[in-house]
Amino acid sequence: MKTQIQQFVLLLSFWMALGCNPSYTKQLDKILEEGTIYQSAIFCEQNKVHLKERELECNEVTKKAKEEIDSIINRRLDLGIAPVIIEKSKGKEIEEFLKVHTQMGIRYWEIWKSSVILE
């Protein structure tokens, strides 16, 4: 009897946890509305299995994030020797984006680290 009660409590807890969380699409809507392009792109990449119907939006936000990184790195080329100074919080978001989007991380990580100073 005790194990049946424990199983029921566990099942009830699991069910309540599922019911309390907004869907992935609602979470994405909120991040798109209130967050940054990097937060949106990170969320999309981490949850792409659950966001297949939102693939176009996720691709668009990822493209915008890549374009912004390109523009930051291009500023470094324009400055010559001097590195580009980026606000620390924004830089950390970009670094998290590069870690989550492994293909872009492979392409940009070393250039990013040598071209940018976070302040």
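A quick note: this is a predicted structure, and the numbers were derived from the prediction, not measured.

(A) Expanded view of the state of the cysteines. Under the criterion given, the structure shown has one disulfide. In this model C44 forms its disulfide with C58; the gap between the sulfur atoms is 2.1 Å. Classification of the bridge connecting C44 and C58 rests on its S-S torsion, roughly -70 degrees, and on that basis the disulfide is left-handed. With C44 in helix α3 (residues 37–46) and C58 in helix α4 (residues 55–79), the pair connects residues that are 14 residues apart, well separated along the chain.

(B) Molecular detail of the nonpolar core. I69, I72, I94, F97, L98 and W112 are the most contacted members of the largest nonpolar core, which totals 23 residues. Those elements that place two or more of their residues in this core are α3, α4, β1 (84–86), α5 (88–100) and α6 (102–115). No other element matches α4, which puts six residues into this core.

(C) Representation of α3 within the structure. Among all positions in α3, only Y38, S40, A41, I42, F43 and C44 are buried. Of the surrounding elements, those touching the buried residues of α3 are α2 (24–34), α4 and α5.

How each quantity is defined
Residues numbered from 1 in each chain as written. Predicted model: local features only at pLDDT ≥ 70, side-chain atom pairs only at ≥ 80, totals over all residues. Heavy atoms only, no water. Disulfide = S-S within 2.5 Å. Helix = DSSP H or I, 4+ residues; strand = E, 2+ residues; numbered from the N terminus. Core = buried A, V, L, I, M, F, W, Y, C linked by side-chain atoms within 4.5 Å. Buried < 20%, exposed > 50% of the residue type's maximum accessible area, 1.4 Å probe, protein only. Contact = heavy atoms within 4.5 Å.

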